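What follows is each chain in one-letter form.
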Amino acid sequence: MPELPEVETARKVLENALDREISAIDDTDHWVCRPHPPGEIAHALVGGRLTAAHRRGKTMWCETDTGHTLGVHLGMGGRVVVTNDQGERVGGGPERPDRQPRKPEWNRFTMVFADGGEFRLFDKRRLGRIRLDPSLDGVGPDAEHISPTEFRARISRTGTAAGGAGGVGRRSRTAVKARLLDQSVLAGVGNLLADEALWRAKINPAARADELDRKDLDRLYRNLEKSLKSAIANGGVHTGEVIEHRHPGGHCPRCGAEMRHGTVGGRSTWWCSREQA
DNA sequence: ACTCGTGTTAGCTG
DNA sequence: TCAGCTAACACGAG
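Since the structure is predicted, the reported quantities are computational estimates derived from the model, not experimental observations.

**Q** I keep staring at the sheet that holds strand 1 (residues 22-26) and nothing clicks. Help me out?
**A** Strand pairs in the sheet, formed through backbone hydrogen bonds, run parallel or antiparallel to each other. Read across the sheet, 4 strands follow the order 1-6-7-5 without closing on themselves; strand pairing throughout is antiparallel. In this open sheet, the two edge strands, each paired with only one partner strand, are strand 1 and strand 5 (79-82). The average undirected angle you get between the axes of adjacent strands in this sheet is 15 degrees. Summarising the sheet, strand 1 and strand 6 (residues 107-113) pair through 4 bridges and their orientation is antiparallel. Opposite Ala24, over in strand 6, you have Val112 as the bridge partner. Relative to the sheet, helix 1 (residues 4-14) contacts strand 5 and strand 7 (118-122), its axis offset from that of strand 5 by approximately 20 degrees.

**Q** For this particular structure, what's the right way to read a nonpolar patch on the surface?
**A** Nonpolar side chains collect at one region of the surface, where Trp31, Met76 and Leu127 lie side by side and expose about 290 Å² of accessible area between them. Following the sequence through the fold, Trp31 ends up in the loop between strand 1 and helix 2 (40-45). A residue is classified by how much of its surface remains accessible, and Trp31, at 39% relative accessible area, is partly exposed.

**Q** Which parts of the structure should I look at to understand unusual backbone geometry?
**A** Note on backbone geometry: most residues besides glycine have negative phi, and most peptide bonds are trans. In this structure, the amide linkage connecting Arg34 to the following residue, Pro35, adopts the cis form with an omega of 0 degrees. One can find Pro35 in the loop between strand 1 and helix 2. The backbone phi angle of Arg126 is positive, close to 60 degrees, even though this residue is not glycine. As for its position among the elements, Arg126 is in the loop between strand 7 and strand 8 (129-132). One non-glycine residue with positive phi stands out, namely Asp133, at about 50 degrees. The residue Asp133 is located in the loop between strand 8 and helix 3 (148-156) in this model.

**Q** Can you walk me through helix 6 (residues 214-234) in this structure?
**A** Given 3.6 residues per turn, any residue in an α-helix points the same way as the ones three and four places further on. The first and last C-alpha atoms of helix 6 sit 30 Å apart over 21 residues, in line with the 30 Å expected at 1.5 Å per residue. All of the buried residues in helix 6 are Asp216, Leu217, Asp218, Leu220, Tyr221, Asn223, Leu224, Glu225, Ser227, Leu228 and Ala231. Those residues of helix 6 hidden inside the fold are in contact with helix 1, helix 3, helix 4 (176-181) and helix 5 (191-201). A side-chain oxygen of the first residue of helix 6 lies 3.1 Å from the backbone nitrogen of Lys215; this N-cap is Asp213. After helix 6 finishes, the residue Gly235 shows a positive phi value of roughly 95 degrees.

Cut-offs applied
Residues numbered from 1 in each chain as written. Chains lettered and ligands numbered in written order. Predicted model: local features only at pLDDT ≥ 70, side-chain atom pairs only at ≥ 80, totals over all residues. Heavy atoms only, no water. Pairing = 2+ DSSP bridges. Helix = DSSP H or I, 4+ residues; strand = E, 2+ residues; numbered from the N terminus. Axes fitted to C-alpha atoms, helices over the stretch in contact; angles between N-to-C directions. Contact = heavy atoms within 4.5 Å. Patch = residues over 30% accessible without salt bridge, like charges linked within 9 Å, V, L, I, M, F, W, Y side chains within 5 Å. Areas by Shrake-Rupley, 256 points an atom, 1.4 Å probe, with all protein chains shown as cover. Salt bridge = Lys/Arg side-chain N within 4 Å of Asp/Glu carboxyl O. Buried < 20%, exposed > 50% of the residue type's maximum accessible area, 1.4 Å probe, protein only. Expected span 1.5 Å × (residues − 1). Polar contact = N/O pair within 3.5 Å; in protein donor to acceptor, adjacent residues only side chain to side chain.

As structure tokens, this is what we get:
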């Protein structure tokens, strides 16, 4: 589930874990906690406190008073749960009835607080990640806060060795959707959000990034921001206007033409056969 | 039984 | 050296 809007929700949940003494940590899931051997994260953080919860794109990290930071990534389906001293969930609103149950065996990381509450990462597929002192070098500017000028530059131009991810190098011949999905170009856009923004902007996902003109790029920017705001306000990217039509036999909710399906940038992609031809 | 997937990344290729 | 693609990761859902 998680793209930028869902991760922002998770970050707010994580704020309920701040300023509480850490009394124990279960970091024994070697896959989710890689490359740290079991006990390493616990050794670094037990006795300290989390002091702030940050997010850039889909990457979250907590500051602590131990000299370390704690990186939290939800992967494809991770969920953050924080409980109070009564064991009750805090933050994140009421449980959604349609949501999958959180089986205990999907709990991949547990931080126990001295007050009896916990912070846990649930992730059935184990594609999420908990990491000590993560580097943010490969993470581009947050999609929600990037300026239109920087957006145009980074989508249509590659980076250089010195410049990092994008915006200052050669024209990028790759598909515009692949640029949107590249977290070093722009952080936070996932597969569904990319399809939604491109559909709203009426741009073919496979169009070469460097062949979009300024008008196209500005329209894409505006529609990406609208898609993001709408997803944050409505509770997730799955609430996008075109998302429910991403299936065989689906039709464009604007013009009624058939939706087409293919692979762009290595990901399953749906677009309107008429408006995004 | 078999394929796919709302994400990331190591490793390969040109 | 670097942009860009693919497989791998793990496991439930269709």
